[in-house]
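If you want the building blocks of each chain, they are given just below.
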Amino acid sequence: MPPIIDVRELTKSYRVHKKREGLMESVRGLFHREYSDVQAVRGINLQVEQGEFVAFLGPNGAGKTTTLKLLSGVINPTSGHATVMGFTPWERKNEYRRRFALVMGQKNQLWWDLPAQESYLLHQQIYGVPPDQFTATLNELTELLDVTKLLGQPVRELSLGERMKMELIAALLHSPDVLFLDEPTIGLDVIAQHNIQQFLRYYQEKRKITVLLTSHYMKDVAALCKRVVIVAGGLVQYDGSLAGIIDKFSGNKIVTLQFGIADRPSDLSRLGTLLDTNWPKVRISIARAEIPRVLAEALRDYTIEDVSVEDPPLEDVIADLFHQVA
Amino acid sequence: MQLASEESASKHGVYTSGTHLPNTLPRRLMTWWMVMRIALEERLAYRGDFALGTLMRFLPIITQIFLWGAVFSSLGDDSATGKKLGGYNFPDMVAYFLLTMIARAFSSMPGLAGGIASQIRQGEIKRYLIQPVDLVGFLLLSRLAHKLAYYFVATVPFAFVFFLCRGYFADGFPPAHLFVAFVGSLVMGFLLGFFLEATIGMIGFWFLEVSSLLFIFMLFSFFLSGHMFPLTLLPEGVLTVVNFLPFKYLAYFPAAIFLGKIPDDELPMELAIEAVWVAFFIIACRVMYSRGVKRYSGYGG
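Here goes a summary of the coordinates provided. Keep in mind the model is a prediction, meaning the values are calculated, not measured.

**Section: the overall build of chain B**
- Broken down by element type, chain B carries 13 helices and 0 strands.
- For chain B, the sequential pattern of α-helices and β-strands runs α-α-α-α-α-α-α-α-α-α-α-α-α.
- Expressed as a percentage of its 301 residues, the buried residues of chain B come to 35%.
- Put simply, of all contacts in chain B between residues at least 6 apart along the chain, 77% involve residues at least 24 apart.

Following this line, the structure appears as structure tokens:
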């Protein structure tokens, strides 16, 4: 069976109007416009198997959302190929559109002044969901997300977290096989984030649907995705497990030494990069290969009461990585 | 239960988990009904605004009665047999305005073009690309629902105003064939108004901000539709040009039919020309939409 999502050498560049500062330049812009090409996606390759839950990580402007827009057929690519369930997304065939959903954390699809229930009934019609299937799915989803009581309340009166849950229900009512989530937990508090994570994990495991998620919250990614794709500068920089990121991109480990002496030696920086000192405790970043030698040296030269060696925090590694690419 | 498409089910069915009903006519009708229902509920969410918007439409007629009363009395005669302006005496003139009010109730599309343009600008148009729905059909059904709600509420006040002003209709009710033509011109007026404004809204795909353009269109439509005065008041040369434009079908034409101002031998041709205009704007709107979407999706979002 071919991969459910198959992306090959996909590129997308936007033509943007260069606007200069100042009134005179704005007036000049009326007559003579300068355009420049912005390459949002520079050649992405990606194969996703059915039932995978894949995270898209990357700094703002890395091309994550553009890729999701391409895969959901909102925009046409500049070059390259992609198929989702065998369909080319930007042909926008109804057969395709009935079988995927896109949820954007910053946009809403529900009717603002009406209860969510009304939007759901409309979705039922638009997607042609059989009535018994609709009722069963809606009951299941509202119970899982604990929003049964909110169904009759106008969407504008809901909190952001409640609204996001309602958006998710709207996206899942037609039982899509592929789900694209663009920052579904943006702006939510810790509890709401957690609820949505749990729901997504449960639902994905149960239905075995294929999900592509972008998020800036490492917790979302750690909780949900076994596979992580890092996109930066419009290219895939990494494709593998979350833990693998550290192995691949961080050559250092963090060593914490607890000294048994009162005075701080002045030559500690020969051991590695000093991160912080809270005497008698010192944290040092040391290249992985150097650790046995440096530790032996430290134990030989100083009185040391305790040692711990850890991987650097994932957030830091990723932040460094984003920084390098930028 | 049948799958959406047998062909695609066998080709891509390996992934399918949810089933979809086939897109039969009864199901289509059901979808249309649901779109209208939602649009109606949304319109009625703000009851006060709806009620006020409905009733305020009657105010201008009072101004018009006073204005044309003054004009005709300065001419020295405001009786039914008196002087005529562009073929209209004073009672005709008042009857004309009452009838353009009905015509406008069909053909005016407040917020349609601006709404489309703002949906394009704000990216809300995406949902029509992602979901299996057609933007134009969706908007048409919503507008139809709004109009029906409006007629439902406005029928009583309309009937009341017409009853009060019955004296101005010197010839009484028109013969049956004129009345049929009148109704036909109202229905086509609705379609023309809708597709004309929707076409303008689609310009938003090329120029994100269309409010100035829309203002110019409104201005032209205001004068050239006969909303301000019967078009026969225009100088000969101007009238010839205006007769070639679609605007007159939005207000002047239905009123003129009702008052018997369109000669019987010209009426079928006029109605046919109106139908051609409707067809033209349906096509224009469709073409602009499909090109616009291509541009939008090729450009960004």
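Don't stop here, the text continues.
**Comments concerning helix 10 (residues 211-224) of chain B**
- With 14 residues, helix 10 of chain B extends 20 Å between its outermost C-alpha atoms, agreeing within 8% with the 20 Å of an ideal straight helix rising 1.5 Å per residue.
- Of the residues trailing helix 10 of chain B, B:Gly226 is marked for its positive phi of about 90°.

**Brief notes about the nonpolar core**
- With 142 residues, the main nonpolar core has A:Ala55, B:Leu99 and B:Leu192 as its most contacted residues.
- Among the elements that line this core, the one with the most residues is helix 9 (residues 176-202) of chain B, at 13 residues.
- If near-sequence neighbours (up to four positions away) are discounted, B:Leu99 is found in contact with B:Pro254, B:Ala255, B:Phe258 and B:Leu259.
- Within the second largest apolar cluster, 7 residues are counted, among which are A:Leu271, A:Val282, A:Ile284 and A:Ile286.

**Observations concerning the pairing of strand 1 (residues 5-17) of chain A**
Residues and elements named next belong to chain A.
- Direction of pairing for strand 1 relative to strand 2 (residues 35-48): antiparallel, over a ladder of 11 bridges. Bridge pairing in strand 2 links Leu10 to Ile44.
- Bridge count for strand 1 against strand 4 (residues 79-84) is 5 bridges, and the pairing is antiparallel. Paired with Ile5 across the bridge in strand 4 is Val84.

**Regarding the interface of chain A and chain B**
- Taken together, the 39 residues of chain A in the interface contact 36 residues of chain B.
- Secondary structure elements with two or more residues in the side of chain A that touches chain B: strand 1, helix 3 (94-97) and helix 4 (116-127) of chain A.
- For the side of chain A that touches chain B, the leading source of residues is helix 4 of chain A, giving 6 residues.
- Its residues assigned to classes, the side of chain A that touches chain B comprises 17 nonpolar, 12 polar and 10 charged.

**Some points on the environment of B:Pro174**
Residues and elements named next belong to chain B.
- Position of Pro174 among the secondary structure elements: in the loop between helix 8 (135-164) and helix 9.
- Separated by 83 residues in sequence, Pro174 and Ile257 place their C-alpha atoms 8.8 Å apart.
- Excluding residues within four positions of it along the chain, Pro174 makes contact with Phe179, Phe182, Phe258 and Gly260.

The rules behind each value
- Residue numbers restart at each chain and count upward from 1, following the sequence in its written direction.
- Chains and ligands are labelled by the order in which they are written, letters from A for the one and numbers from 1 for the other.
- It should be noted that, the model being predicted, local features are given only for residues of pLDDT at least 70 and side-chain atom pairs only at 80 or more, the latter also being counted only at that level, while totals for whole chains, interfaces and linings use all residues.
- Note on conventions: DSSP H or I runs of at least 4 residues are helices, E runs of at least 2 residues are strands, and numbering of each starts at the N terminus.
- Any residue with 12 or fewer other C-beta atoms within 10 Å of its own C-beta is exposed, any with 20 or more is buried, and the rest are partly exposed; the C-beta atoms used are placed from the backbone.
- For the purpose of contact definition, each residue receives a C-beta atom placed from its backbone, and two residues are in contact when these atoms lie within 7 Å.
- Take the number of residues in a helix, subtract one, and multiply by 1.5 Å to get its expected span.
- Each nonpolar core reported here comprises buried Ala, Val, Leu, Ile, Met, Phe, Trp, Tyr and Cys residues connected via C-beta atoms within 7 Å.
- Strands are labelled as partners when DSSP assigns at least two bridges between them.
- Gly counts as polar in this scheme, as do all residues outside two lists: the nonpolar Ala, Val, Leu, Ile, Met, Phe, Trp, Tyr, Cys and Pro, and the charged Asp, Glu, Lys and Arg.

Function-wise, these values are silent; they only describe arrangement.
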